[in-house]
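A structural walkthrough
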Amino acid sequence: MTVHRAPRYRNFMLLGAIVGVLLALILTISFPENNEYDRVQIFGFLLLGGLAVGTTLGAVVALIIDRIIGRSHVSVVADRLGANEARPNELRTAEPGSGTPNDDFQAFNEK
């Protein structure tokens, strides 16, 4: 098997959105008040842009990191362990009321 490590895109996009919100808040507070628009309106406009740009930049950063890390593929050997598998001669019958189907139920469903 080949193992490929990849960043979690959702986390990068969420971090970008948070940075966009903080940037919108800082920009709203740092500029003087405008006679045409209230601070809440300015924050709303900047918030929309900040969320969009921050989420997009977070996704782009995740893609760049994925391309850098993606070059290193690691080959590993995988083996299937049969510890949880039931063999046909080892099937157990279910106890009444246990919620586990018995052999008759399985035979009925296989038809």
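Residues numbered from 1 in each chain as written. Predicted model: local features only at pLDDT ≥ 70, side-chain atom pairs only at ≥ 80, totals over all residues. Heavy atoms only, no water.

Side note on the overall build of the protein chain
Counting its regular elements, the protein chain contains three helices and two strands. Mapped in sequence order, the helices and strands of the protein chain form the string β-α-α-β-α. Across the 111 residues of the protein chain, 11% fall into the buried class. Sequence separation of at least 24 residues holds for 62% of the intrachain contacts in the protein chain that already meet a minimum separation of 6. Surface accessibility of the protein chain: about 9700 Å² in total, with carbon and sulfur atoms responsible for 62%. (Helix = DSSP H or I, 4+ residues; strand = E, 2+ residues; numbered from the N terminus. Buried < 20%, exposed > 50% of the residue type's maximum accessible area, 1.4 Å probe, protein only. Contact = heavy atoms within 4.5 Å. Areas by Shrake-Rupley, 256 points an atom, 1.4 Å probe, with all protein chains shown as cover.)

Digging into the confidence of the model for the protein chain
For the protein chain, per-residue confidence averages 79 on the pLDDT scale, and residues scoring 70 or more make up 71% of the total. Of all helices and strands in the protein chain, the one with the weakest mean pLDDT is helix H3 (residues 103-110) (52), whereas helix H1 (residues 9-30) scores best (94). (pLDDT = per-residue confidence, 0-100.)

Describing the environment of Ile 29
Take Ile 29: it is sitting in helix H1. A relative accessible area of 59% means that Ile 29 is categorised as exposed. Taking the C-alpha atoms as reference, Ile 29 lies 8.7 Å from Phe 43; in sequence the two are 14 residues apart.

Describing the side chain of Asp 66
Tracing the backbone through its elements, the reader meets Asp 66 in helix H2 (residues 39-69). As a buried residue without a salt bridge, Asp 66 has its nearest oppositely charged side chain in Arg 67, at a separation of 5.3 Å. Leaving out residues up to four positions away in the same chain, Asp 66 has contacts with His 4, Arg 5, Ala 6, Pro 7 and Tyr 9. (Lys, Arg positive; Asp, Glu negative; His and termini not counted. Salt bridge = Lys/Arg side-chain N within 4 Å of Asp/Glu carboxyl O.)

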